[in-house]
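# Secondary and tertiary structure notes
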Amino acid sequence: INIVTEVYGTNLTLECITHDELDDEKTYQILSDGYTQNVFQFASAGITKFIMDVQPDCIEDLIVINALYRPATLDIGATEEYVRYKRGEVAPVYSYGTYEATKNTYGIFTYQEQFMSVANSLGGFDLGKTDILRRAIGKKNPELMATLKDDFIAGAVSNGCPDYEAQEIWHKIEVAGKYSYNRSHAAAYALTALAGAWLKANYPSAFYTVALQWADDKEIPQLMSEMELCSTAKIVPPDINVSGVQFHTDYQTDEIFW
């Protein structure tokens, strides 16, 4: 960000990117194409494949990717489910009274905040009891969860939900409570990732200059390869008149001198 401000005179800030650039198509395209090197939390091979399967086109997708790419959710197949819904291969099914809470995740219970919303709106929990549920989920406390079941079923039925479906919803809460992620945490991660990807998509020479300066030797070939595929930036051999101790960039030509 400092380089972009200095070289291009943009007065850029992290807040500007995460507030004004949420719909930048180039950013989502480079992520969808798998160009994820040095993007916060998104650079490993496994999550890169998941991103390419999802083909994200909005910040909501990035938040879900952060929350779903976890060991337990991978084990139960939630990631594959999300991909099928996102692609329109199958239609999502929403349980009674859960649409508003889960519409952004195609009916898949993903975040702790979704359970809290359903417990409050469908189960009739007041905010105090809703917070007890959050604590039970966050601490993975099945005994505390069990004390809330009857109240949830009774509240849901009194709100028009068939008993059998209330039981199913509670079962989902119990199962998902073992792995669910905090949405606000996932959102902060996603915004950080978006900022990095946006810089890569829109100011690749600056992005790769910093990435290369901080890279281990073993990371440099991957960065060079990706750079050639998705940007105008390019590595050039050392020049005795230009090169320094670190990688040095000519921003007029997008050449990064070894």
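Since this is a predicted model, take the numbers as computed values, not measurements. (Residues numbered from 1 in each chain as written. Predicted model: local features only at pLDDT ≥ 70, side-chain atom pairs only at ≥ 80, totals over all residues. Heavy atoms only, no water.)

## Thoughts on the packing of aromatic side chains
Two aromatic rings, taken as a pair, are described by how far apart their centres are and by the angle between their planes. What counts is decided by this rule: Think of it this way: a Phe, Tyr or Trp ring, Trp meaning its six-membered ring, pairs with another when their centres are within 6.5 Å, and the plane angle makes it stacked under 30 degrees, edge-to-face over 60, tilted otherwise. To sit over a ring, a charge needs its Lys NZ or Arg CZ within 6 Å of the ring centre and within 35 degrees of the ring normal.
Inspection of every chain in the model, using the stated rule, returns 13 aromatic pairs. Sitting above the plane of the Phe 125 ring, Lys 129 keeps its charged end 5.4 Å from the centroid.

## Some remarks on the pattern of salt bridges
Two side chains carrying opposite charge are able to pair once their charged atoms lie near each other. Heads up, the rule is: Throughout this description, the term salt bridge denotes a Lys or Arg side-chain nitrogen within 4 Å of a carboxyl oxygen of Asp or Glu. Strands are runs of DSSP state E lasting at least two residues, helices are runs of H or I lasting at least four, and both sets are numbered from the N terminus onward.
Tallied over the entire structure, the rule returns eleven salt bridges. Arg 87 is the partner of Asp 53 in a salt bridge, and the nearest nitrogen-oxygen pair spans 3.7 Å. With Asp 53 in helix 4 (residues 45–54) and Arg 87 in helix 7 (residues 78–87), this pair connects stretches of sequence that are 34 residues apart.

## Considerations on helix 5 (residues 59–68)
In plain terms, the rule: Here the term buried applies to any residue with accessible area under 20% of the maximum for its type, exposed to any over 50%, and partly exposed to those in between, with areas from a 1.4 Å probe on protein chains only. Contact criterion: two residues are considered in contact whenever any of their non-hydrogen atoms come within 4.5 Å of each other.
Counting buried residues along helix 5, ten of its ten residues qualify, which places the element largely inside the surrounding structure. Along helix 5, the residues classified as buried are Ile 59, Glu 60, Asp 61, Leu 62, Ile 63, Val 64, Ile 65, Asn 66, Ala 67 and Leu 68. Of the surrounding secondary structure, the elements contacted by the buried residues of helix 5 are helix 3 (25–32), helix 4, helix 6 (71–75), helix 7 and helix 13 (183–202).

## Section: the nonpolar core
Where a protein is soluble and globular, its nonpolar side chains tend to be buried together. The condition that has to hold: To define a nonpolar core, start from buried Ala, Val, Leu, Ile, Met, Phe, Trp, Tyr and Cys residues and group those joined through side-chain atoms within 4.5 Å.
Core analysis: the biggest nonpolar cluster contains 51 residues, and Phe 42, Leu 62 and Ile 65 have the highest contact counts within it. Ranked by residues supplied to this core, first place goes to helix 13 with ten residues. The residues contacting Ile 65, other than those within four sequence positions of it, are Phe 42, Ile 47, Phe 50, Ile 51, Val 54 and Pro 56. Counting residues in each nonpolar core, the second largest holds 22 residues, with Val 118, Ile 169, Trp 170 and Ile 173 among its members.

## Some words on unusual backbone geometry
Notably, Gln 55 is not glycine yet its phi reads approximately 55 degrees, a positive angle. Residue position: Gln 55 is located in the loop between helix 4 and helix 5. The exposure class of Gln 55 is partly exposed, given its relative accessible area of 37%. Phi at Lys 140 takes a positive value of approximately 50 degrees, unusual for a residue other than glycine. Topologically, Lys 140 is positioned in the loop between helix 10 (127–138) and helix 11 (142–158).

## Some remarks on the environment of Tyr 181
What counts, and what does not: Counted as a polar contact is a pair of N or O atoms within 3.5 Å, where, for protein atoms, one must be capable of donating a hydrogen and the other of accepting one, and residues adjacent in sequence contribute only when both atoms are in side chains.
With respect to the helices, strands and loops of the structure, Tyr 181 is situated in the loop between helix 12 (163–176) and helix 13. Under the relative-accessibility criterion, Tyr 181 is labelled buried at 14%. Sequence spacing of Tyr 181 and Val 245 is 64 residues, and the spatial spacing of their C-alpha atoms is 43 Å. For Tyr 181, the contacting residues outside a window of four places in its chain are Asn 66, Ala 67, Arg 70, Thr 110, Tyr 111, Gln 112, Glu 113, Ala 186 and Tyr 189. Of the polar contacts made by the side chain of Tyr 181, one reaches the side chain of Arg 70; its length is 3.3 Å.

## Things to note about the confidence of the model for the protein chain
Quick reminder of the rule: How sure the predictor is of each residue is captured by pLDDT, a score from 0 to 100.
Across the protein chain, the average pLDDT comes to 94, with 100% of residues at or above 70. Within the protein chain, helix 6 has the poorest average pLDDT of any element, 80, and helix 3 the best, 98.

## A closer look at helix 10
The α-helix winds at 3.6 residues per turn, so residues separated by three or four positions along the chain end up facing the same way. To keep it simple, the criterion reads: For a helix, the expected span equals 1.5 Å multiplied by the residue count minus one. Arc definition: it is the arc formed by the directions from the helix axis to the C-beta atoms.
The end-to-end C-alpha distance of helix 10 is 16 Å, a good match for the 16 Å that twelve residues give at a rise of 1.5 Å each. The complete set of buried residues in helix 10 reads Thr 130, Leu 133, Ala 136 and Ile 137. When helix 10 is viewed along its axis, its buried side chains cluster within an angular range of 115 degrees and face the same direction. The secondary structure elements touched by the buried residues of helix 10 are helix 9 (112–121), helix 11 and helix 12. By the N-cap criterion, in which a side-chain oxygen at the helix start approaches the backbone nitrogen of a residue two or three places on, helix 10 is capped by Asp 126, the distance to Gly 128 being 3.2 Å. Looking one or two residues beyond helix 10, the residue adopting positive phi is Lys 140, at roughly 50 degrees.

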